[in-house]
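Survey of secondary and tertiary structure
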Amino acid sequence: MADETDRTGARDGGGPSRGGAGNREAVGGGRQLDVGVQPAVTHVTWWLTPQGDGLRQAVTEDSTPGPAGGIRRVGCSSGDGAAERTWWAWPIHPDRPYDGAAAGRLLLAVPGTVAALFHSGQLIHVHPRRPRPGTRPAPAGVLDGVAETPDWLPDAVRAYHRSRAAGPIIEARHRWQSTVGACSVTADGRELWCTGSGYRDEMLAGFDVVEQTAERVAVRAWLAFGPDGPTSFGTGPVRTSPDGRRLRLMYRQAAARRWSTVVHLDQPLGGRPVVDVGILEPDGAGRARRAWLAERERARDDGRQE
């Protein structure tokens, strides 16, 4: 019988597509990350008289992540052609998000670059969230003129995007340190949005802001197996070692799974570097897999004894 030998060490500790654009030189015991600054988007609001049922359906069918009771965005265009450029819009009431209920008049908030092309009496179309072949945009309503943008809208938009960027972080007994792929900071410098990747069976199991000083911000990411356990491991051919042992090599299937998270900084980032201080564990995933398999085997033995 061949012994199983985990030869995935070179890729453990994170998964496929490690490094890339986020890598820079080591800085004070860590790897400096390239940090992009998210542009500040100014929204302009127009009055809209709804027509038909398209807008209501687009809002109520929206299943993308977002804060409970928060605003929802829809894909719109100013023409009914299939090739018409689509842009995102936020249908709202003056004092609250639009929930899809019947309304005689609504506000439509869009980026300033889009609003520059608006005019009163213009018909706006809404695109279905999950269009079927041959489906055309439906009328959303007619623009009635520029309106005052509610004070609460910018915060609501940021909350929407933040909720989509802040992915799940699972609790796990067996986890290992990984690398952070890339980061961006909000225009006010107070939120750091970080992403990375792992194998298809790996999830983010912790993200630490290890250090916030006047010199730098240090971060560290942890991965662990998801609820289904290690499912990306496979067995390769059997080889004979110099001492005569027959070894079956193992490999990891390379399908990647991306993770993302958002952390709040004590002070705006400013010109401080963001440094990844995670220490790669060459056998991190292999060690966690062996522990997971051992726990499963003990559970089976306990079940047989009952």
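Residues numbered from 1 in each chain as written. Predicted model: local features only at pLDDT ≥ 70, side-chain atom pairs only at ≥ 80, totals over all residues. Heavy atoms only, no water.

Across the 6 residues that make up strand 7 (residues 87-92), a large majority, 5, are buried. Note that strand 6 (residues 74-77) and strand 7 share 3 bridges and pair antiparallel. Along strand 7, the bridge assignment pairs Cys76 with Trp87. (Buried < 20%, exposed > 50% of the residue type's maximum accessible area, 1.4 Å probe, protein only. Helix = DSSP H or I, 4+ residues; strand = E, 2+ residues; numbered from the N terminus. Pairing = 2+ DSSP bridges.)

With that settled, consider the sheet that holds strand 12 (residues 182-185). Ordered in space as 4-12-13-18, the 4 strands form an open sheet in which the pairing is mixed. Pairing within the sheet leaves two strands with one partner each, and these edge strands are strand 4 (35-37) and strand 18 (256-264). Across the sheet, the axes of successive neighbouring strands diverge by a mean angle of 25 degrees, strand direction being ignored. Judged from the 4 bridges that link them, strand 12 and strand 13 (residues 191-199) form a sheet pairing that is antiparallel. Looking at strand 13, one finds that Val185 is bridged to Leu192. Taken strand by strand, helix 3 (residues 153-165) contacts strand 13 and strand 18, and its axis lies near 135 degrees from that of strand 18. (Axes fitted to C-alpha atoms, helices over the stretch in contact; angles between N-to-C directions. Contact = heavy atoms within 4.5 Å.)

Attention now moves to the layout of surface pockets. Its volume calculated, the largest pocket comes out at about 610 Å³. Residue lining of the largest pocket: 21 residues in total, with Pro39, Val41, His43, Val157 and Arg158 positioned closest to the centre. Elements represented by at least two residues in the lining of the largest pocket include exactly strand 7, helix 3 and strand 13. With 5 residues, the top contributor of residues to the lining of the largest pocket is helix 3. Counted by class, the lining of the largest pocket contains 10 nonpolar, 6 polar and 5 charged residues. (1 Å grid on protein atoms, 1.4 Å probe; cavity = no way out; pocket = protein on both sides within 12 Å on 5 of 7 lines; lining within 4 Å. Points joined across faces, edges and corners; volume = space filled by probe spheres on them. Nonpolar A, V, L, I, M, F, W, Y, C, P; charged D, E, K, R; others polar.)

So, on to the confidence of the model for the chain. Averaged over every residue, the pLDDT of the chain is 85; the share at 70 or more is 85%. Mean pLDDT in the chain bottoms out at strand 1 (residues 3-6), which sits at 44, and peaks at strand 19 (residues 274-276), which reaches 97. Contacts from residues 1-24, a stretch scored under 50 in pLDDT, to residues over four places away or in other chains number 86 contacts. (pLDDT = per-residue confidence, 0-100.)

Moving on to the pattern of salt bridges. Overall, the coordinates contain 12 salt bridges when judged by the stated rule. Two residues, Arg290 and Asp283, come together in a salt bridge whose shortest N-O distance is 2.3 Å. Looking at Arg290, the relative accessible area reads 41%, which means it is partly exposed. Take Asp283: its relative accessible area is 31%, and that puts it in the partly exposed class. (Salt bridge = Lys/Arg side-chain N within 4 Å of Asp/Glu carboxyl O.)

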